[in-house]
Number of protein chains: 2
Amino acid sequence: MASAPHDAPGFELPLRMFMAFRMALDEVHAELAAQGHPDVRPTHGYVFQAIGPHGTTAADLGRALGISKQAAGKSIATLEGLGYVTLSPDPHDARRKLVHLTARGVDVLVRSARVFETIRARWAAELGPERLRELEADMRRMTPDDFFRLDVPGWFGSVG
Amino acid sequence: MASAPHDAPGFELPLRMFMAFRMALDEVHAELAAQGHPDVRPTHGYVFQAIGPHGTTAADLGRALGISKQAAGKSIATLEGLGYVTLSPDPHDARRKLVHLTARGVDVLVRSARVFETIRARWAAELGPERLRELEADMRRMTPDDFFRLDVPGWFGSVG
DNA sequence: TATACTGGACAACAAAGTTGTCGATATGCG
DNA sequence: CGCATATCGACAACTTTGTTGTCCAGTATA
């Protein structure tokens with residue numbers, strides 16, 4: 001449509017972005033598994049981040065992540081079972097249950113951040129630090145500020 | 001780890017890549033839906049591309065996409081029901097069933113390509129054509145050549 | 001106080017994969 | 001030639017991760 005002769009086909013860049021994302025996430029979770037966190041799933045990272053230092057509730061978590069409160073509730077139950085979060089009653093509102101990260105949950109966050117930095121360093125070495133910063137700047141222009149939403153519920157819909 | 005003071009946190013770039021990918025795919029499928037293909041799913045695009053002009057079989061499709069042949073078979077059955085592919089016996093091998101795109105299937109491919117080019121043109125306008133080409137070149141260095149694999153079977157594992 | 005809203009739990013269901021098994025067909029080799 | 005092995009596609013059962021709908025308890029508003 002508006003592409004010059006030897007440009008990449010339009011689908012290539014998005015697909016490569018997805019591929020890079022997936023490689024990074026796979027590496028993070030392979031490392032986490034090797035470092036004592038074999039049960040942490042990619043989406044759990046989003047959940048951990050969304051819980052944050054002050055804690056949340058299931059309904060808020062769902063809103064932050066763009067999923068239903070029920071789905072958020074299931075995640076929390078799973079993570080509680082794995083020892084990554086704790087639930088406590090909210091003293092100001094008897095309906096709510098506050099979710100907080102345990103030390104083990106924080107550990108995941110710390111280790112993930114470390115692996116992400118390692119990956120970033122590798123990319124910096126591959127492309128040069130300046131070029132990588134340009135890439136990051138460009139990506140910021142291409143994506144909204146709340147790049148944190150998940151709503152992957154079923155966007156990768158039916159193959160079948 | 002190896003990051004200078006004001007660098008982006010390591011997780012930002014991968015997440016923004018995923019976001020950009022998802023926005024592009026959402027736009028493509030919103031357009032497809034508006035143009036008479038409401039039932040086409042993101043993964044179907046991969047399937048269509050993998051079928052190609054010469055046709056395939058379920059087992060080959062599974063290998064190309066990195067999913068099981070059963071899953072590929074389900075996709076094919078769905079797409080056949082939607083009128084996007086046809087099945088015919090292989091004259092050289094009675095076990096195999098050849099999968100080919102119908103005219104309607106090719107139409108999806110053509111329309112998708114068009115939307116992807118529109119998106120690319122918008123990015124070119126936003127960043128400048130030269131920066132976009134650099135971005136594409138960088139992404140090629142960061143990702144493998146077979147950037148086409150799907151194997152999203154469950155990589156986005158359990159939230160719950 | 002009566003009504004409406006919100007938080008969390010339970011249940012039923014949907015989508016898209018997976019593994020395992022099976023019969024039918026090909027293929028390779030003694 | 002004929003048997004052992006491998007592959008194709010189909011069927012079934014299951015898993016994961018989400019969805020809606022319903023319900024009750026607690027809070028807020030008029």
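Computed from a predicted structure; not experimentally measured.

Undergrad: Explain the overall build of chain A residue by residue, including any values.
TA: Helix and strand counts for chain A stand at six helices and two strands. Listed N to C, the secondary structure of chain A is α-α-α-α-β-β-α-α in terms of helices and strands. Each of the 160 residues in chain A was classed as buried or not, and the buried ones make up 45%. Expressed as a percentage of contacts within chain A between residues at least 6 apart in sequence, the contacts between residues at least 24 apart total 53%.

Undergrad: Explain the pairing of strand 1 (residues 85–90) of chain B to me, using residue names and the numbers behind them.
TA: All names here are of chain B. Across six bridges, the pairing between strand 1 and strand 2 (residues 93–101) is antiparallel. Within the sheet, the bridge partner assigned to Val85 lies in strand 2 and is Leu101. Here strand 1 folds back onto strand 2 in antiparallel fashion, the turn holding two residues.

Undergrad: Explain the nonpolar core to me, and be specific about the residues and the numbers.
TA: Ranked by internal contacts, the top residues of the largest apolar core, which has 76 residues, are Met17 of chain A together with Met17 of chain B. For Met17 of chain A, the residues in contact, after removing those within four places along its chain, are Met139 and Met142 of chain A together with Met17, Ala20, Leu135 and Met139 of chain B.

Undergrad: Mind laying out the environment of Met139 of chain B, listing which residues take part and the relevant values?
TA: Within the secondary structure layout, Met139 of chain B lies in helix 6 (residues 129–142). Take Met139 of chain B: its relative accessible area is 0%, and that puts it in the buried class. Apart from the residues lying within four places of it in its own chain, the contact partners of Met139 of chain B are Leu13, Arg16, Met17 and Ala20 of chain A together with Met17 of chain B.

Undergrad: Could you give an account of the pattern of salt bridges, naming the residues involved and the relevant values?
TA: All names here are of chain A. All told, the structure shown has 28 salt bridges over all chains when counted by the stated rule. Asp26 is the salt-bridge partner of Arg22, the closest N and O atoms lying 3.6 Å from each other. With Arg22 and Asp26 both in helix 1 (residues 12–34) and four residues apart, this pair spans about one turn of that helix. Owing to a relative accessible area of 6%, Arg22 belongs among the buried residues under this scheme. A relative accessible area of 38% means that Asp26 is categorised as partly exposed. Here the salt bridges do not stand alone but share partners, grouping Asp60, Arg63, Asp90 and Arg96 into one network.

Undergrad: Any chance you could break down helix 6 of chain B for me, citing the residues and the numbers?
TA: The end-to-end C-alpha distance of helix 6 of chain B is 20 Å, a good match for the 20 Å that 14 residues give at a rise of 1.5 Å each. Of the positions making up helix 6 of chain B, those classed as buried are Arg131, Leu132, Leu135, Glu136, Asp138, Met139 and Met142 of chain B. For helix 6 of chain B, the buried positions fall inside an angular range of 165° around the axis, keeping them on one side. Next to the buried residues of helix 6 of chain B lie helix 1, helix 5 (103–127) and helix 6 (129–142) of chain A together with helix 1 (12–34) and helix 5 (103–127) of chain B.

Undergrad: I'd like to hear about helix 2 (residues 42–51) of chain A, residue by residue, with values.
TA: Residue and element names in this part refer to chain A. Burial of helix 2 is extensive: seven of the ten residues sit out of reach of the surface. Burial in helix 2 covers these residues: Pro42, Thr43, His44, Tyr46, Val47, Phe48 and Ile51. Gly52 sits one or two positions beyond helix 2 and adopts a positive phi of about 65°.

Undergrad: Before we move on, could you go through the side chain of Thr143 of chain A and cite the residues and values that matter?
TA: Of note, Thr143 of chain A is situated in the segment after helix 6. A polar contact of 2.6 Å, which involves the side chain of Thr143 of chain A, links it to the backbone oxygen of Met139 of chain A. Once residues within four sequence positions are removed from consideration, Thr143 of chain A is found in contact with Arg16, Met19, Ala20 and Met23 of chain B.

Undergrad: Tell me about the packing of helix 2 (residues 42–51) of chain B against helix 3 (residues 58–65) of chain B, and name the residues and values.
TA: Residues and elements named next belong to chain B. At a minimum axis distance of 10 Å, the contact between helix 2 and helix 3 shows a crossing angle of 115°. Handedness of the crossing formed by helix 2 with helix 3: right-handed. When helix 2 is examined against helix 3, the residues Tyr46, Val47, Ala50 and Ile51 are found in contact with a partner set consisting of Leu61, Ala64 and Leu65. For the contact of helix 2 with helix 3, the class distribution of residues is seven nonpolar, no polar and no charged.

Undergrad: Residues and numbers for the packing of helix 6 of chain A against helix 6 of chain B, please.
TA: Helix 6 of chain B packs onto helix 6 of chain A with a crossing angle of 115° between their chain directions and a minimal axis gap of 11 Å. If you check the angle between helix 6 of chain A and helix 6 of chain B, you find them roughly perpendicular. The handedness of the crossing between helix 6 of chain A and helix 6 of chain B comes out as left-handed. Together, Arg131, Glu134, Leu135, Asp138 and Met142 of chain A of helix 6 of chain A and Arg131, Glu134, Leu135, Ala137, Asp138 and Met142 of chain B of helix 6 of chain B make up the contact between the two elements.

Undergrad: An account of the environment of Ala72 of chain A is requested, with residue identities and associated values reported.
TA: Residues and elements named next belong to chain A. Structurally, the position occupied by Ala72 is in helix 4 (residues 69–81). Residues Ala72 and Val47 lie 25 residues apart in sequence; the distance between their C-alpha atoms is 8.5 Å. Setting aside residues no more than four positions away along its own chain, Ala72 makes contact with Ala58, Leu61, Gly62 and Ile67.

Undergrad: Break down the environment of Ile51 of chain B for me, citing the residues and quoting the values.
TA: Within the secondary structure, Ile51 of chain B is located in helix 2. Once residues lying within four places of it in the same chain are set aside, the contact partners of Ile51 of chain B are Thr56, Leu61, Val85, Val99, His100 and Leu101 of chain B.

The rules behind these values
- Residues numbered from 1 in each chain as written.
- Chains lettered and ligands numbered in written order.
- Predicted model: local features only at pLDDT ≥ 70, side-chain atom pairs only at ≥ 80, totals over all residues.
- Heavy atoms only, no water.
- Helix = DSSP H or I, 4+ residues; strand = E, 2+ residues; numbered from the N terminus.
- Buried < 20%, exposed > 50% of the residue type's maximum accessible area, 1.4 Å probe, protein only.
- Contact = heavy atoms within 4.5 Å.
- Pairing = 2+ DSSP bridges.
- Core = buried A, V, L, I, M, F, W, Y, C linked by side-chain atoms within 4.5 Å.
- Salt bridge = Lys/Arg side-chain N within 4 Å of Asp/Glu carboxyl O.
- Expected span 1.5 Å × (residues − 1).
- Arc of directions from axis to C-beta.
- Polar contact = N/O pair within 3.5 Å; in protein donor to acceptor, adjacent residues only side chain to side chain.
- Axes fitted to C-alpha atoms, helices over the stretch in contact; angles between N-to-C directions.
- Left-handed = near helix turned anticlockwise from the far one by under 90°.
- Nonpolar A, V, L, I, M, F, W, Y, C, P; charged D, E, K, R; others polar.
- Parallel < 35°, antiparallel > 145°, perpendicular 65-115°, else oblique.

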